[in-house]
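Architecture at a glance
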Amino acid sequence: MAKANILIVEDEVVTALEMESTLEEIGYTVISIVDTGEEAVAIAKEEKPDIVLMDIRLQGEMDGIDTAEIIRSEFGIPVIFSTAFLDEERIERAKITMPFGYVLKPIQESDLKVTIEMALYVTKMDSERRKLEEVLKENEERFRLMMRQSPSVIELYNTDGLQIEVNKAYEELWDFPAITTVNKFNVLKSKEVEDTGLMKYVKAAYAGKSVQVPPYQFDPTGETEAKGKGRVRWLNTRIYPLKDKENIVKNIVITHEDVSEQKQIEQALKESEEKYRKLFEDSIDGNALADPETGIILECNQALANLVGRTKEELIGQPRHLLHPAMSSEAEFSPTFEKQKTEKQGERIETKIITKSGELKDVVILANTFKMDGKEIIHGVFRDITEQKRAENAFRESEEKFRSVAEQSIVGIYIIQGDVFKYVNPRFAEYFGYTVSECLDNLRFEKLVHPDDLSTVEAQVEKRLKREVKSVNYKFKGIKKNGEIINVEIFGSSISFNNRPAAIGTLLDITNHS
């Protein structure tokens, strides 16, 4: 098989050279590389390449889509678009040029080869089909043979708009037999065709023009077509006239490609993207996407903007050190961002971020990396824990104050939970001849109480643990470690300790006062 001649239209030199090398490695001939639409049109006209590999975002007065339309309409040369990203607007514009395919940058050799081979194949088939149309004008029997064997859906209409023949693919597409509509359905009188917006294309074909219909959804079940039979499908449709030797339209042919499955996939993808976008935008936590190579913020939600006191416009396109200042002016990235790039997926990072006013806020960041259009992206989720940190600090300070006062107190202080001591100060341990460590989580309070007073003390402790009383004051005989009896007085109340009920109190040795 002869090598296909390919024209590369690409305004990025490195990318163009990579394309050329790849194409030559897989057996194609690159006849030229140009970087403007004007040059591409000139080369296409002069050299007549088999395929044009076109950058859809071409710079200059003519972008890739404009250039492709001229090359296709004037020279009939198939165009394959290359792009790193397809937005909806460009997709709709590109459809009009009827491209033979798309390849995404960075271009993979296997994808490129398959796309080119399919384009060459489709081009060849399209050329052969056009030749066949001329033959079919003279030989109706051959046309019907082609109809019966074609995998494409084909409908034949007479000059009055009446459907006179369909093929088996038509029956399979609509899931009803041909007799349902053949010699009954009139395309020029169909409410379904009119409502779907197809009538102008049908009339254009009757006027002698071949037309390509943009993808659309069609329901054949209406009263002017299949009367309740059939199923709704998404279609790519081409309508063209059959003319005699005098160039008079004798019939029109409508061919369909069922793209329902493709549309379902596109719709599912769109819904998935919309769900992600809604979760991203509506999250109460700050969300940001960043380029791990440059640190540039690619996208963020309003919650993040609110967190740092800026607008989204002030954040998007800016480096991440706007949120995490670097340790020095020479540092390329802040330590936090460097950590986000290297931490395991979903790892919690506690750090501080800086607001527009210079205020520092405590946050927890969950960082993950994923690929979008073949490029790694960091997704960071920012949760404001400033108030939590303040509460923790306040609690810690309160505990430190309590411990400082308690440790130096001249009276014994204790906390009982269950039936063991959770806290005692040095003076309490001294009263009973123990060390603090001997008392904690080990010594049961009953061991310190004389049997004569044990029931009274147990009742008083239980009342506080059950929070039946706010405060108590009582006296009992205590037993020291060496067995010595002392008289003590308790002033106590109930508290919550580690989210559980506990009894707290002060204890005085009143032995010498009794």
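Structure first, text after, so check above.
Everything quoted here is computed from the prediction, not taken from an experiment.

Turning next to the overall build of the protein chain. If you tally the helices and strands in the protein chain, you get 17 helices and 20 strands. Computed over the C-alpha atoms, the radius of gyration of the protein chain is 41 Å, more than 25% above the 24 Å expected from 2.2 N^0.38 for a compact globule of 514 residues. If you line up the protein chain on its principal axes, its C-alpha atoms span 135 × 60 × 40 Å. Going through the 514 residues of the protein chain one by one, you find that 41% of them count as buried. Within the protein chain, contacts between residues separated by at least 24 positions form 48% of all contacts whose residues are at least 6 apart in sequence. Total accessible area computed for the protein chain in this model is approximately 28,800 Å², and 50% of it derives from carbon and sulfur atoms. Between the mean site of the 70 positive side-chain charges and the mean site of the 92 negative ones, the protein chain shows a separation of 5 Å.

Now for the pattern of salt bridges. Scanning the model with the defined rule gives 27 salt bridges in all. Across the pair Lys 191 and Asp 195 runs a salt bridge, and its minimum N-O distance is 2.7 Å. One end of the pair, Lys 191, and the other, Asp 195, are both in helix 8 (residues 191–196), four residues apart, so they sit about a helical turn from each other. Note on accessibility: Lys 191 and Asp 195 belong to one class, exposed. Between Arg 383 and Asp 285 there is a salt bridge, and its shortest N-O distance comes to 2.7 Å. Here Arg 383, found in strand 15 (residues 375–384), pairs with Asp 285, found in the loop between helix 10 (260–282) and strand 11 (286–290); they are 98 residues apart in sequence, far enough to count as distant. In this structure Arg 383 comes out as partly exposed when scored by relative accessible area, which is 46%. For Asp 285, a relative accessible area of 12% puts it in the buried group. A single network of salt bridges, built from pairs that share partners, joins Arg 277, Glu 281, Glu 299 and Lys 312.

This part is about the nonpolar core. Residues Val 187, Val 193, Ile 239 and Ile 252 are the most contacted members of the largest nonpolar core, which totals 29 residues. With six residues, the top contributor of residues to this core is helix 9 (residues 199–206). Leaving out residues up to four positions away in the same chain, Val 193 has contacts with Phe 185, Val 187, Leu 198, Met 199, Val 202 and Phe 218. Residues Phe 421, Tyr 431, Ile 486 and Leu 507 belong to the second largest nonpolar core, which totals 25 residues.

The next point concerns the environment of Lys 312. With respect to the helices, strands and loops of the structure, Lys 312 is situated in helix 12 (residues 312–315). With relative accessibility at 19%, the residue Lys 312 sits in the buried group. Separated by 12 residues in the primary sequence, Lys 312 and Cys 300 place their C-alpha atoms 6.6 Å from one another. Sequence-distant contacts of Lys 312, defined by excluding residues within four places in its chain, comprise Glu 281, Glu 299, Cys 300, Asn 301, Gln 302 and Ala 305.

Together, Val 114, Met 118, Tyr 121 and Val 122 make up an exposed nonpolar region whose accessible area comes to about 380 Å². Summarising the element assignment, Met 118 is placed in helix 5 (residues 109–138). Assessed through its relative accessible area of 46%, Met 118 is described here as partly exposed.

This part is about helix 9. In terms of burial, helix 9 is a largely internal element, six of the eight residues being buried. Within helix 9 the residues assigned to the buried category are Met 199, Tyr 201, Val 202, Ala 204, Ala 205 and Tyr 206. Check the buried side of helix 9 and you find it contacts strand 6 (153–157), helix 8, strand 8 (211–218), strand 9 (233–243) and strand 10 (249–258). One or two positions beyond helix 9, positive phi appears at Gly 208, with a value near 105°.

The side chains of a regular strand alternate between both faces of the sheet. Most of strand 4 (residues 79–83) is tucked away: five of the five residues are buried. A two-sided burial pattern is seen for strand 4, the buried positions comprising Val 79, Phe 81 and Thr 83 on one face and Ile 80 and Ser 82 on the other. Where strand 3 (residues 51–55) and strand 4 come together, four bridges link them in parallel fashion. Along strand 4, the bridge assignment pairs Val 52 with Val 79. Since strand 3 and strand 4 lie parallel, the crossover through helix 3 (residues 64–75) that links them has a hand, and here it is right-handed. Looking at chain direction, strand 4 and strand 5 (residues 102–104) are connected through three bridges and run parallel. Across the sheet, residue Ser 82 finds its bridge partner in strand 5, namely Val 103.

Another point: the sheet that holds strand 11. Hydrogen bonds between backbone groups are what pair the strands of a sheet, and the pairing can be parallel or antiparallel. Read across the open sheet, the five strands follow the order 12-11-15-14-13; overall the sheet is antiparallel. The open sheet is flanked by strand 12 (297–300) and strand 13 (347–354), the only strands paired with a single partner. Across this sheet, the average inter-strand angle for adjacent strands is 30°, counted without regard to direction.

Evaluation of the coordinates by the stated rule reveals two cavities of 30 Å³ or more. Together, 16 residues line the largest cavity, and Glu 155, Val 193, Leu 198, Phe 218 and His 256 are the ones closest to its centre. Of all the secondary-structure elements, those providing two or more residues to the lining of the largest cavity are strand 6, strand 8, strand 9 and strand 10. The volume enclosed by the second largest cavity comes to roughly 90 Å³.

Remark: the centre distance and the inter-plane angle together describe each pair of aromatic rings, the angle taken between the planes. One pass over the structure, following the stated rule, counts 11 aromatic pairs. Taking 6.0 Å as the distance between ring centres and 70° as the angle between the ring planes, the aromatic pair formed by Tyr 170 and Phe 176 counts as edge-to-face. With respect to class, Tyr 170 is no different from Phe 176; both count as buried. An aromatic cluster is defined as three or more aromatic residues linked by ring pairs; in this entry it consists of Tyr 414, Phe 421, Phe 428 and Phe 432. Lying across the ring of Trp 234, Lys 263 places its NZ or CZ 4.8 Å from the centre.

How each quantity is defined
- Every chain is numbered on its own, with residues counted from 1 as its sequence reads.
- Reporting of local features is limited, given that this is a predicted model, to residues whose pLDDT is at least 70; pairs of side-chain atoms are given and counted only at 80 or more, and all residues count toward the totals for whole chains, interfaces and linings.
- Hydrogens and waters are ignored; side-chain quantities use all the structure's heavy atoms.
- Numbering of helices and strands runs from the N terminus; a helix is a DSSP stretch of H or I covering at least four residues, while a strand is a stretch of E covering at least two.
- For this measure, only C-alpha atoms enter the radius of gyration; the expected value for a globule follows 2.2 Å times N^0.38, where N is the number of residues.
- Exposure classes here rest on a 1.4 Å probe applied to the protein chains alone. A residue is buried below 20% of its type maximum, exposed above 50%, and partly exposed in between.
- Pairs of residues are marked as contacts when any of their non-hydrogen atoms sit within 4.5 Å.
- Calculation of accessible area relied on Shrake-Rupley with a 1.4 Å probe; when residues are assessed, cover is drawn exclusively from the protein chains displayed.
- His is not counted, nor are the chain ends; Lys and Arg add positive charge and Asp and Glu add negative charge.
- The location of each charge is read from NZ of Lys, CZ of Arg, CG of Asp or CD of Glu.
- Within this document, salt bridges are pairs made up of a side-chain nitrogen of Lys or Arg and a carboxyl oxygen of Asp or Glu, the two lying within 4 Å of each other.
- By convention a nonpolar core is built from buried Ala, Val, Leu, Ile, Met, Phe, Trp, Tyr and Cys residues, the set being connected through side-chain atoms within 4.5 Å.
- Exposure above 30% relative accessible area and the lack of any salt bridge qualify a residue for a patch; like charges then connect within 9 Å, and the nonpolar side chains Val, Leu, Ile, Met, Phe, Trp and Tyr within 5 Å.
- Note: two strands are recorded as paired if DSSP finds a minimum of 2 bridges between them.
- For the handedness criterion, the strands are oriented away from the viewer, and a crossover whose path from the first strand over the helix to the second runs clockwise is classed as right-handed.
- Axis geometry follows a simple rule: fit a line to the C-alpha atoms, using only the stretch in contact for helices, then measure angles between N-to-C directions, giving values from 0 to 180 degrees.
- Lining residues are those with an atom within 4 Å of a point, where the points come from a 1 Å grid over the protein atoms alone and group into cavities, where a 1.4 Å probe fits but cannot get out, or pockets, open sets with protein on both sides within 12 Å along at least five of seven lines.
- Grid points are joined across faces, edges and corners, and a volume is the space filled by probe spheres set on the points.
- Stacked, edge-to-face and tilted labels apply to pairs of Phe, Tyr and Trp rings (six-membered ring for Trp) whose centres lie within 6.5 Å, assigned for plane angles under 30 degrees, over 60, and everything in between, in that order.
- Charge over a ring is defined by NZ of Lys or CZ of Arg lying within 6 Å of the ring centre and within 35 degrees of the ring normal.

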